[in-house]
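# Coordinates in review
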Amino acid sequence: MAHAAEPTLHGLMAEFENATALVDAATKARLAGYRKMDAYSPIPIEELNEALDLKRTRLPLLVLLGGIFGGLSGFALEYWVSVIAYPMNVGDRPLNSWPQFIPVTFETTVLGAALTCFIGMWALNKLPQPYHPVFNVEAFGRASTDRFFLVIETTDPRFERHATWKFLEGLHPVGVSEVAP
Amino acid sequence: MAIAPLPTAAPLSPFDQEWRRWLHDGLIPNTAFAAKTVALQGAAIGAAPSAVPAGLEVVVRPDPSVYDGRFVNNGWLQELPKWLTKLTWDNAALMSPGTADKLNLISGDVVDIKHGSNTLRIPVWLAPGHAADVITIHLGYGRERAGRIGSGIGFGINSLRTTATPDFLSGVEVTKTGESYELVSTQDHWSLEGRNLVRVATTEQFQQDPNFAAKQEHQPLVGLTMFEERKYEGYAWGMAIDQNVCTGCNSCVVACQAENNVPVVGKAQVANGREMHWLRIDRYYSGDLENPDTYHQPMPCQQCESAPCEVVCPVAATTHSDEGLNDMVYNRCVGTRYCSNNCPYKVRRFNFLLYSDWDTASFKLARNPDVTVRSRGVMEKCTYCVQRINLARVTSKLEDRQIRDGEVLTACQSACPTEAIVFGNINDPQSAVSKVKASTLNYPLLGELNTRPRTTYVAIVRNPNTELEPTRPLGTEEEGH
Amino acid sequence: MDKSHASVAMSAETKALLSRTPAVIEPGHTFESVTESIGHVVLSKRTPIGWFLGFFIAFILLMILNLTIGNLLMKGIGIWGNNVPVGWAFDIINFVWWIGIGHAGTLISAILLLFRQQWRTSINRFAEAMTLFAVACAAMFPLLHTGRPWLAIYWLFPYPNTMGIWPQFRSPLIWDVFAVSTYGTVSALFWFTGLVPDMATLRDRAKSPFARKIYGMLSLGWRGSAKHWQRYETAYLLLAGISTPLVLSVHSVVSFDFAVSVLPGWHATIFPPYFVAGAIYSGFAMVMTLAIPLRKFYHLEDFITMRHIHNMTKVMLVTGMIVAYGYSQEAFFAWYSSNPYEQYMMYNRMTGPYAVFYWSLIAINAVMIQLFWFRSVRDNIPFLFILSLLVNVGMWLERFIIIVTSLHRDFLPSSWDMYAPTRWDFGMFAGTIGLFLALFFLFIRFLPAIAIFEMRTIVPEAKLKAEHHG
């Protein structure tokens with residue numbers, strides 16, 4: 001059941017020394033019923049996706065749509081320009097010189113897909129986001145080098161300051177800290 | 001406004017009346033010389049020298065561009081590639097390759113030509129077909145005070161000529177100096193390289209096979225295109241160039257330069273292959289270099305229907321008009337030069353620098369106001385004198401009629417003394433150009449590239465005197481397939 | 001090939017001892033040591049004197065570039081040696097050369113990722129940077145080689161205008177515009193995406209507040225969240241998948257500049273694969289030219305190991321052989337076609353005025369590369385450095401032969417002429433080398449030359465223990 005989130009706390013953070021410990025911790029936390037949590041690591045860890053039960057991202061679908069849109073726009077531009085907007089006799093070639101329109105269409109497809117991928121990924125990740133509560137923990141500085149962190153947020157229904165602290169300590173971390181909001 | 005009355009003519013004096021009659025008739029009556037009886041003096045012929053003097057002989061000739069030197073200050077004529085040698089901005093000592101070989105000379109070697117006590121230092125240029133042991137030097141060059149352009153150009157023959165021997169100098173000595181001089185020619189390669197660009201046959205061969213011209217190259221079948229050939233309604237401009245009568249005189253080249261504001265670029269730029277003539281005359285030798293067959297082939301833009309230049313222009317600066325002209329849009333051209341690279345005829349010219357003088361105000365009077373003056377970075381080429389076509393079209397519309405055959409004369413066509421260039425509407429079967437193109441001798445140059453040029457050439461039929469010219473003319477050896 | 005996902009409890013040490021193949025990363029490294037070795041080059045206040053020397057030389061050349069471009073814009077293309085018939089010369093040779101060099105970076109970043117080749121890890125960052133800088137150098141030429149670049153810069157792009165006119169899409173030069181700008185954009189996006197986690201690392205380790213702010217902004221606030229990593233890895237793979245056909249298409253489109261024309265020696269269907277292979281070949285040579293001094297002067301031999309040197313050499317051998325095959329096919333078809341223009345073109349290349357350049361390029365690209373078969377050559381680093389420079393000389397000569405010999409003697413002998421470059425041609429080329437080096441020196445000083453987070457993934461510490469596959 002939801003209870004009032006503590007306004008003075010974002011969550012509790014446990015620091016681990018290696019990836020295995022983090023994956024174990026995340027699995028155990030999930031089994032313990034925690035849902036609103038996040039893991040932080042200096043490298044991507046595929047097993048974490050399972051441990052945290054992350055949904056598959058819809059980015060590939062967006063990229064496909066972006067590519068299709070790019071391709072259709074590219075060809076449409078070429079067709080419209082050559083056949084409708086300003087048709088000209090160029091070397092007696094047909095106005096709709098579709099074989100010669102293919103390279104540009106290909107490139108606009110790639111561009112559409114790549115731009116969608118880039119913008120889509122960062123947008124879905126809600127980045128840039130210069131501020132986040134986890135940066136308030138000094139130990140977190142090593143998250144980008146060689147330490148692994150698990151944070152259980154106060155918005156989680158099972159969160160209870162002492163119980164969750166105890167639970168995290170039971171995972172044998174290097175340390176547990178409070179995360180200011 | 002009152003008009004002043006015409007002055008009344010004063011009555012003519014009797015002398016004036018007679019004078020006018022003499023001018024009209026062309027002679028003064030009763031002033032003819034008395035008839036005289038004459039007899040041939042056969043002895044005089046026997047007394048003429050029979051032996052050819054030893055050593056080389058210099059022949060002094062008027063220059064094909066600057067004549068006797070009166071035109072040295074004319075940029076157009078200095079840059080005009082001379083007939084046969086294609087030299088520009090200089091004269092040279094012309095000699096046959098055999099003579100040069102004997103003297104151990106190549107084109108550009110500077111020699112001292114000594115006649116009596118006079119010496120002229122001049123570079124040599126090899127001229128296939130030139131008489132052996134004779135050197136031709138053109139008049140007019142080497143002037144010191146000839147204006148801004150003409151001063152200090154070329155080598156003055158007058159230091160060798162004497163009043164006794166103004167035209168022929170026998171017994172000259174030629175010494176190699178070991179120096180080199182850069183002579184600039186617009187065409188360095190004279191050989192057809194076995195390519196059937198100029199198609200030739202003897203009258204006998206022509207009578208046996210009137211279609212020899214078509215057979216001498218692998219040509220695309222009519223209609224062999226992936227697309228439907230466009231139909232041109234209205235006017236369809238075309239040109240035919242008769243190689244049988246072209247003498248290579250260069251009139252067309254200068255006419256084109258005058259008509260189309262073609263800039264003069266100077267010797268250094270011509271040396272780097274940047275001359276701007278829209279129309280050039282290609283000169284090919286074939287056979288023995290001491291006595292070759294010489295061919296002249298004027299090359300304007302061929303106005304190809306499937307122009308390779310149009311397809312590769314990224315900004316559509318060259319497209320096809322609905323009368324069949326390959327239009328060059330100067331103000332759209334950004335100067336990628338892809339069109340020039342893709343032109344198999346290399347008729348396109350690029351303004352590598354600002355060749356046209358934009359500053360001198362008096363040039364505005366010299367230039368043709370109907371033709372754009374091009375800036376640097378812009379491509380240009382023969383346009384079938386589109387300004388003249390447009391003028392004729394406007395005139396004919398105002399007069400509510402069609403353009404008559406012969407009403408539009410391109411500049412080159414109107415200057416040609418032998419009427420080698422014929423231009424007109426190929427959609428009109430009665431036009432002069434259609435009749436020329438209907439001949440079996442008519443062929444497109446590089447037709448196998450399927451460019452479908454609107455300018456075609458008439459193959460040469462020669463009637464050689466087999467006692468004088470035992471060698472067979474070009475083209476009959478290789479049958480294309 | 002190495003098994004990057006095998007769950008074998010064998011250390012890199014043992015593996016290397018067992019096989020003759022050198023390790024992808026020397027043993028004994030941890031997350032911290034990897035981060036420190038690469039990061040300290042960027043974060044330390046001291047800049048080695050060698051860097052200043054190198055940057056100074058690059059800067060001088062860059063100023064020469066300024067001068068040549070200024071003169072070009074003021075006077076026109078006439079300051080170069082181009083003429084009619086040789087309308088394209090150094091300008092397009094340099095364009096193709098630079099674009100070709102760029103392709104190796106994308107191949108390493110994208111294609112080797114898709115093939116799960118772990119050895120790409122320590123070289124992909126600076127190789128991709130090399131691509132970006134090479135594309136920057138290349139992109140100047142299509143613009144500046146035009147007679148009126150102040151118009152070309154926008155008329156080559158489709159935009160609505162008062163004239164109602166648009167680019168002519170059948171022209172390979174427009175295909176180039178789209179291909180090269182897409183390539184530059186996608187490479188930049190790909191490269192920047194890969195940089196972000198490293199920016200986070202540098203942000204967290206930087207001492208100076210200014211450095212922290214800059215890296216902080218560039219890191220976009222990256223915190224290594226698992227949710228982010230998941231999308232990030234997906235995006236990275238997708239970009240690699242997109243970049244693969246892109247890199248194959250870009251040099252194919254560049255080859256169309258020639259293949260679509262009618263000229264003998266240009267109009268050949270072998271051009272797209274032949275050019276792409278040549279691009280990869282010259283690109284890897286450039287990566288080698290950069291990797292050898294980089295690893296020596298910055299003590300990165302543990303990360304850029306003999307394995308990388310060997311593999312790069314092998315790639316060069318393969319692609320060089322494909323290029324040599326291309327030469328043989330050009331010669332074969334010139335003969336087999338019975339087309340007199342093609343035959344003369346080939347004959348002219350082999351015996352004409354530029355024959356010395358033709359035979360030099362055969363000597364380098366077909367003969368010299370056979371040295372790469374020998375292990376002793378692959379182990380000899382100074383020799384490989386010289387060979388990698390020669391490969392790029394050979395590839396430059398190849399473009400020279402293709403462009404200049406086909407143009408200077410084509411269909412009508414009356415238009416045959418010679419081409420000679422001027423000092424402005426050489427100056428601009430040297431200037432672009434200066435631009436490339438200047439950018440590269442700035443890159444190695446201010447950004448991590450090796451992908452730190454990717455290096456961490458191949459350190460033994462990264463493997464999950466027990467039943468997890470890692």
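Conventions adopted
- Residues numbered from 1 in each chain as written.
- Chains lettered and ligands numbered in written order.
- Predicted model: local features only at pLDDT ≥ 70, side-chain atom pairs only at ≥ 80, totals over all residues.
- Heavy atoms only, no water.
- Helix = DSSP H or I, 4+ residues; strand = E, 2+ residues; numbered from the N terminus.
- Buried < 20%, exposed > 50% of the residue type's maximum accessible area, 1.4 Å probe, protein only.
- Contact = heavy atoms within 4.5 Å.
- Areas by Shrake-Rupley, 256 points an atom, 1.4 Å probe, with all protein chains shown as cover.
- Lys, Arg positive; Asp, Glu negative; His and termini not counted.
- Charge placed at Lys NZ, Arg CZ, Asp CG, Glu CD.
- Pairing = 2+ DSSP bridges.
- Buried area = accessible area lost by both parts, 1.4 Å probe.
- Salt bridge = Lys/Arg side-chain N within 4 Å of Asp/Glu carboxyl O.
- Nonpolar A, V, L, I, M, F, W, Y, C, P; charged D, E, K, R; others polar.
- Patch = residues over 30% accessible without salt bridge, like charges linked within 9 Å, V, L, I, M, F, W, Y side chains within 5 Å.
- Arc of directions from axis to C-beta.
- Axes fitted to C-alpha atoms, helices over the stretch in contact; angles between N-to-C directions.
- Polar contact = N/O pair within 3.5 Å; in protein donor to acceptor, adjacent residues only side chain to side chain.
- Core = buried A, V, L, I, M, F, W, Y, C linked by side-chain atoms within 4.5 Å.
- Domains from an automatic or database assignment.
- Phe/Tyr/Trp six-rings, centres within 6.5 Å; stacked < 30°, edge-to-face > 60°.
- Lys NZ or Arg CZ within 6 Å of the ring centre and 35° of its normal.

### What to know about the overall build of chain A
Counting secondary structure elements, chain A contains 5 helices and 4 strands. Going from the N terminus to the C terminus, chain A shows its helices and strands as β-α-β-α-α-α-β-α-β. Along the first, second and third principal axes, the C-alpha atoms of chain A reach 80 × 35 × 30 Å. Every one of the 181 residues in chain A was classed for burial, and the buried ones make up 52%. Counted over contacts in chain A with a minimum sequence separation of 6, partners at least 24 positions apart contribute 77%. Counting every atom, chain A has about 8600 Å² of accessible surface; 62% of that belongs to carbon and sulfur. Of the side-chain charges in chain A, 14 are positive and 19 negative, and the distance between the mean point of each set is 5 Å.

### Overview of the pairing of strand β1 (residues 56–61) of chain B
Along any regular strand, the residues point their side chains to alternate faces of the sheet. All names here are of chain B. When β1 meets strand β7 (residues 168–180), the two strands line up antiparallel, connected through 3 bridges. The residue bridging Val58 from the neighbouring strand is Leu169, located in β7. Two elements, β1 and strand β6 (residues 134–138), share 5 bridges in a ladder whose sense is parallel. Residue pairing for β6: Val60 is matched across the bridge by Ile137.

### Quick notes on the interface of chain A and chain B
How big an interface is tends to be stated in terms of the accessible area lost upon association of its parts. With 8 residues of chain A in contact, the opposing surface of chain B contributes 13 residues. Together, A:Asn89, A:Asp92 and A:Arg93 form the three largest contributors to the area buried by chain A at its contact with chain B, with a combined 57%. Linking chain A with chain B are 2 salt bridges. Residue classes in the side of chain A that touches chain B are distributed as 3 nonpolar, 3 polar and 2 charged.

### Considerations on a nonpolar patch on the surface
Taken together, the side chains of A:Leu61, A:Leu62, A:Leu64, A:Leu65, A:Ile68 and A:Leu72 present a nonpolar region at the surface, about 570 Å² in accessible area. Note that A:Leu61 resides in helix α3 (residues 59–85).

### So, helix α8 (residues 209–218) of chain C
All names here are of chain C. Buried within α8 are the following residues: Ala211, Tyr215 and Gly216. Across the axial projection of α8, the buried residues extend over an arc of 130°, all falling on one side. Projecting away from the buried face of α8 at angles above 90 degrees are the exposed residues Phe210, Lys213 and Met217. Elements in contact with the buried residues of α8: α2 (31–43), α7 (172–205) and α16 (423–446). A positive backbone phi angle near 60° is found at Leu220, which sits one or two residues after α8.

### Focus on the sheet that holds β7(B)
In sheet architecture, strand pairing relies on hydrogen bonds along the backbone and comes in two forms, parallel and antiparallel. Sheet architecture is closed into a barrel: 6 strands sit in the order β1-β6-β3-β5-β4-β7 (chain B), paired in mixed fashion. Across this sheet, the average inter-strand angle for adjacent strands is 45°, counted without regard to direction.

### Thoughts on the interface of chain C and chain A
Between chain C and chain A, the residue contacts involve 61 residues of the former and 68 residues of the latter. Here chain C and chain A share an interface that buries about 5500 Å² over both sides, 70% of which is from carbon and sulfur atoms. Our enumeration of links across chain C and chain A arrives at 22 residue pairs in polar contact (both at pLDDT 80 or more). For the side of chain C that touches chain A, the secondary-structure elements that each account for two or more residues are α2, α7, α9 (226–259) and α17 (452–457) of chain C. Considering each element in turn, the side of chain C that touches chain A owes the most residues, 17 residues, to α9(C). A breakdown of the residues in the side of chain C that touches chain A according to their chemical character gives 31 nonpolar, 17 polar and 13 charged.

### Let's talk about the nonpolar core
By size, the foremost hydrophobic cluster in this structure holds 288 residues, and its most contacted members are A:Leu150, C:Trp98, C:Phe126 and C:Phe443. Sorting elements by how many residues they give to this core places α7(C) first, with 17 residues. In this view, C:Phe443 contacts C:Arg125, C:Phe126, C:Ala129, C:Phe133, C:Trp191, C:Pro448 and C:Ala449; residues no more than four positions away in its chain are not counted. Counting residues in each nonpolar core, the second largest holds 21 residues, with B:Ile122, B:Leu139, B:Leu169 and B:Val172 among its members.

### A look at the pairing of strand β17 (residues 421–425) of chain B
All names here are of chain B. The buried fraction of β17 amounts to 5 of the 5 residues, a majority that puts the element mostly inside the structure. Two strands pair when backbone bridges link them, and strand β10 (residues 237–242) and β17 are joined in this way by 5 bridges, in the antiparallel orientation. Residue pairing across strands places Ile241 opposite Ile421, the latter belonging to β17.

### Examining the domain arrangement of chain C
Residues and elements named next belong to chain C. According to the domain assignment, chain C contains domain 1 (95–243) and domain 2 (261–419). Each of domain 1 and domain 2 has a C-alpha centre, and the two are 26 Å apart. Facing 14 residues of domain 1, the contacting portion of domain 2 comprises 22 residues. Here domain 1 and domain 2 share an interface that buries about 1600 Å² over both sides, 84% of which is from carbon and sulfur atoms. Contact with domain 2 buries surface across domain 1, with Trp97, Trp119 and Phe126 losing the most and accounting together for 40% of the total. Where domain 1 meets domain 2, there are 4 residue pairs in polar contact (both at pLDDT 80 or more). For the side of domain 1 that touches domain 2, the secondary structure elements donating two or more residues are α4 (90–114) and α5 (124–144). Considering each element in turn, the side of domain 1 that touches domain 2 owes the most residues, 8 residues, to α4. In terms of residue class, the side of domain 1 that touches domain 2 is built from 11 nonpolar, 3 polar and no charged.

### Observations regarding the sheet that holds strand β4 (residues 175–179) of chain A
All names here are of chain A. Read from one edge to the other, the open sheet built from 4 strands follows the order β2-β3-β1-β4, with strand pairing classed as antiparallel. Edge strands, defined here as strands with exactly one partner in the open sheet, are β2 (37–40) and β4. Taking each pair of neighbouring strands and ignoring which way they run, the sheet shows an average axis angle of 20°. Judged from the 6 bridges that link them, strand β1 (residues 11–16) and strand β3 (residues 148–153) form a sheet pairing that is antiparallel. Each bridged residue has a counterpart across the sheet, and for Met13 the counterpart in β3 is Val151.

### Section: the pattern of salt bridges
Applying the stated criterion across every chain yields a total of 34 salt bridges over all chains. Two residues, B:Arg452 and A:Asp92, come together in a salt bridge whose shortest N-O distance is 2.8 Å. Residue B:Arg452 is located in the loop between β18 (442–443) and β19 (455–458), and its partner A:Asp92 is located in the loop between α3 and α4 (98–124); the two belong to separate chains. The network of salt bridges with shared partners includes A:Asp92, B:Arg230, B:Glu305, B:Arg452 and B:Arg454.

### Looking at the side chain of B:His277
All names here are of chain B. With respect to the element layout, His277 can be found in the loop between α9 (267–271) and β11 (280–286). For His277, a relative accessible area of 5% corresponds to the buried category. Apart from residues lying up to four places away in sequence, His277 is in contact with Glu79, Leu80, Pro81, Val253, Gln257, Val262 and Arg349.

### A closer look at the packing of aromatic side chains
In this description, an aromatic ring pair is defined by two values, namely the gap between the centres and the angle between the planes. Residue and element names in this part refer to chain B. Using the criterion set out here, one finds 74 aromatic pairs over all chains in the structure. With centroids separated by 4.9 Å and ring planes inclined at 80°, the aromatic side chains of Phe155 and Tyr181 adopt a geometry described as edge-to-face. With Phe155 in the loop between α5 (147–150) and β7 and Tyr181 in the loop between β7 and β8 (184–185), the pair connects residues that are 26 residues apart, well separated along the chain. Aromatic pair Tyr384 and Phe423: ring centres 5.0 Å apart, planes at 75°, arrangement edge-to-face. Of the two residues, Tyr384 sits in the loop between β16 (379–380) and α13 (386–398) while Phe423 sits in strand β17, which places them 39 residues apart along the sequence. The cationic tip of Arg337 hangs over the ring face of Phe350; the distance from NZ or CZ to the ring centre is 5.2 Å. For the cation-ring pair, Arg374 lies above Tyr330, with the distance from its terminal atom to the ring centre recorded as 5.5 Å.

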